[in-house]
Structure formats: structure tokens, C-alpha cells
Amino acid sequence: MALSTLSNQVSVQAATQASALASLLLLRKTLELQAASGGSLLAATAPVSTPSNPPNLGNRIDLTV
């Protein structure tokens, strides 16, 4: 194997590794932004209120066909 071929392979591998690292960092930042956005959306929702239906409503289902 020639020295220039080996040198080219090492440089290609280093570039590939750098590209993979940049993609991983971008993915992490995207996930952090989505988590922050999701948290603010959850905080903005109205609190859950208790139902105002009578306590006996919806306790039985009539399955007569």
C-alpha cells in the first residue's frame, strides 16, 4: 500500500468522523430546543378541571342489541 493512499484514507476517515460529530451535536441541540418548547407548551395549557357530571353518569353501559 502506498503512503499517499494511506494518507488519503486517514484524511477521509477524519473528515467522516468530524462530520458525524457535527451531526450529533446538531441533533443534541435540536432535542434540547424541542424539550424546552414542549415544556413551555405544557405550562401554557389550562389546568384540568374536575368533571361536573353526576357521579352515577357513565357507570354502566347497556349492550342490548
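Before any of the text, the structure's been laid out above.
The rules behind these values
- Residues numbered from 1 in each chain as written.
- Predicted model: local features only at pLDDT ≥ 70, side-chain atom pairs only at ≥ 80, totals over all residues.
- Heavy atoms only, no water.
- Helix = DSSP H or I, 4+ residues; strand = E, 2+ residues; numbered from the N terminus.
- Rg over C-alpha atoms; globule rule 2.2 N^0.38 Å.
- Buried < 20%, exposed > 50% of the residue type's maximum accessible area, 1.4 Å probe, protein only.
- Areas by Shrake-Rupley, 256 points an atom, 1.4 Å probe, with all protein chains shown as cover.
- Patch = residues over 30% accessible without salt bridge, like charges linked within 9 Å, V, L, I, M, F, W, Y side chains within 5 Å.
- Salt bridge = Lys/Arg side-chain N within 4 Å of Asp/Glu carboxyl O.

Asker: Can you help me understand the overall build of the protein in this one?
Answerer: Looking only at helices and strands, the protein features 1 helix and 0 strands. By the compact-globule yardstick of 11 Å for 65 residues, the protein is too spread out, its C-alpha radius of gyration being 29 Å. C-alpha extents for the protein along the principal axes are approximately 85 × 40 × 10 Å. For the protein, with 65 residues in total, the buried portion stands at 0%. As displayed, the protein has an accessible area near 6300 Å², and 64% of this comes from carbon and sulfur atoms.

Asker: Help me out: how do you make sense of the environment of Val-48 in this one?
Answerer: On the secondary structure map, Val-48 appears in the segment after helix H1 (3-44). The exposed category is assigned to Val-48, whose relative accessible area is 82%.

Asker: Would you mind showing me how to read a nonpolar patch on the surface here?
Answerer: A cluster of nonpolar side chains, contributed by Leu-21, Leu-24, Leu-25, Leu-27 and Leu-31, occupies part of the molecular surface with about 460 Å² of accessible area. As for its placement among the helices and strands, Leu-27 is situated in helix H1.

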